[in-house]
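Chains, contacts and geometry: an overview
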Amino acid sequence: AQSVTQLGSHVSVSEGALVLLRCNYSSSVPPYLFWYVQYPNQGLQLLLKYTSAATLVKGINGFEAEFKKSETSFHLTKPSAHMSDAAEYFCAVYNQGGKLIFGQGTELSVKP
Amino acid sequence: EAQVTQNPRYLITVTGKKLTVTCSQNMNHEYMSWYRQDPGLGLRQIYYSMNVEVTDKGDVPEGYKVSRKEKRNFPLILESPSPNQTSLYFCASSQISGGETQYFGPGTRLLVL
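Residues numbered from 1 in each chain as written. Chains lettered and ligands numbered in written order. Predicted model: local features only at pLDDT ≥ 70, side-chain atom pairs only at ≥ 80, totals over all residues. Heavy atoms only, no water.

Focus on the packing of aromatic side chains
Ring pairs (aromatic) are described by centroid distance and by the angle formed between their planes. Here is the rule we go by: Think of it this way: a Phe, Tyr or Trp ring, Trp meaning its six-membered ring, pairs with another when their centres are within 6.5 Å, and the plane angle makes it stacked under 30 degrees, edge-to-face over 60, tilted otherwise. Here a strand is any run of E in DSSP of at least two residues, a helix any run of H or I of at least four, and the numbering for each starts at the N terminus. Only protein chains enter the area calculation, which uses a 1.4 Å probe; residues under 20% of their type maximum are buried, those over 50% are exposed, and those in between are partly exposed.
Going through the model one piece at a time under the given rule, you end up with 15 aromatic pairs over all chains. Aromatic pair Y36 of chain A and F102 of chain A: ring centres 6.1 Å apart, planes at 50°, arrangement tilted. Placement of the pair is Y36 of chain A in strand β4 (residues 33–38) and F102 of chain A in strand β10 (residues 100–102), with a sequence separation of 66 residues. Comparing Y36 of chain A with F102 of chain A shows no difference in burial state: the two are buried. Ring pairing ties together the aromatic residues F34, Y36, F90, Y94 and F102 of chain A together with Y35, F90 and F104 of chain B, which thus form one cluster.

Considerations on the state of the cysteines
What is meant by a disulfide is a covalent connection between two cysteines, made through their sulfur atoms. Rule in force here: When two cysteine sulfur atoms lie within 2.5 Å, the pair is treated as a disulfide.
Tallying each qualifying case throughout the model produces two disulfides over all chains. Here C23 of chain A is linked by a disulfide to C91 of chain A, with a sulfur-sulfur distance of 2.0 Å. With the S-S dihedral at roughly -65°, the linkage between C23 of chain A and C91 of chain A falls on the left-handed side. Of this pair, C23 of chain A sits in strand β3 (residues 19–26) while C91 of chain A sits in strand β9 (residues 87–94); the two residues are 68 residues apart in sequence, bridging distant segments of the chain. As far as the burial class goes, C23 of chain A and C91 of chain A line up, both buried. Paired through a disulfide, C23 of chain B and C91 of chain B show a sulfur-sulfur distance of 1.8 Å. Its torsion about the S-S bond being -70°, the disulfide of C23 of chain B and C91 of chain B is classed as left-handed. In this pair, C23 of chain B is assigned in strand β3 (residues 19–25) and C91 of chain B in strand β9 (residues 87–94), connecting sequence segments 68 residues apart. For the pair C23 of chain B and C91 of chain B, one class covers both residues: buried.

A word on the interface of chain A and chain B
Test applied: The contact definition used throughout considers only heavy atoms, calling two residues in contact when any of these lie within 4.5 Å. By definition, the buried area sums, over both parts, the 1.4 Å-probe accessible area that each loses when the two are put together. For this analysis, a salt bridge means a side-chain nitrogen from Lys or Arg found within 4 Å of a carboxyl oxygen belonging to Asp or Glu. Definition of a polar contact: a pair of N or O atoms within 3.5 Å, with one able to donate and the other able to accept a hydrogen when the atoms are protein atoms, and with sequence-neighbouring residues admitted only if both atoms are side-chain atoms. Residues were grouped as follows: Ala, Val, Leu, Ile, Met, Phe, Trp, Tyr, Cys and Pro as nonpolar; Asp, Glu, Lys and Arg as charged; and all remaining residues, including Gly, as polar.
Of the residues lining the interface, 18 residues belong to chain A; the matching set on chain B comes to 22 residues. Approximately 1500 Å² of surface area, both sides summed, lies buried where chain A meets chain B, with 49% of it carried by carbon and sulfur atoms. On inspection of chain A and its partner chain B, the count reaches one salt bridge. For the salt bridge of K99 of chain A with D59 of chain B, the shortest nitrogen-to-oxygen distance reads 2.8 Å. Linking chain A with chain B are eight residue pairs in polar contact (both at pLDDT 80 or more), by the criterion used here. Looking at the side of chain A that touches chain B, the elements that each hand over two or more residues are β4, β5 (44–50), β9 and β10 of chain A. Per-class residue counts for the side of chain A that touches chain B are nine nonpolar, six polar and three charged.

So, in structure tokens, the structure goes:
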């Protein structure tokens, strides 16, 4: 069965530092992978989506993610963190039954 | 503007008092779904609907009901709420085909006393 694991429930970085949020998935078929962001008191907003067109996917707000089949990973990165990036981030994958499976979420804090 | 709307955004109620959370989308999506979000557990699917009059259970359906009488609306009903249903609820919608992006509503924060 498909599943998603996000390593680290809380990540803290300094403003201007690299952001790396980790996501590993298990899937028996080529996956559709997503990263969503949830700002405080808001719904989930799509950051980016992998659909097998390219292994490096660029999203909104300077984020990108690289699909690595050999590592079953889809880690999210941003070269330089801004205060406005503080939010909760969710990785998700569709399973064979068409259900979207979410990871547990990673809360990103950005220190001035 | 394409969007998913939910009402109410915040709700405090007491155990056993029936309530309904409404969800509406204006994107003509076939697929709609309800999730609950709890700390450390991510989002878990409660119910989903592939089209009008077609609904099915998700991972945590106990204590909830849904209906899909119109394509745009997908209300979530708690017939007899209990404190363990205190949570943050999201409605989402998408087209039906492989790997479609789901669009989320702003959330409903429910407290059951």
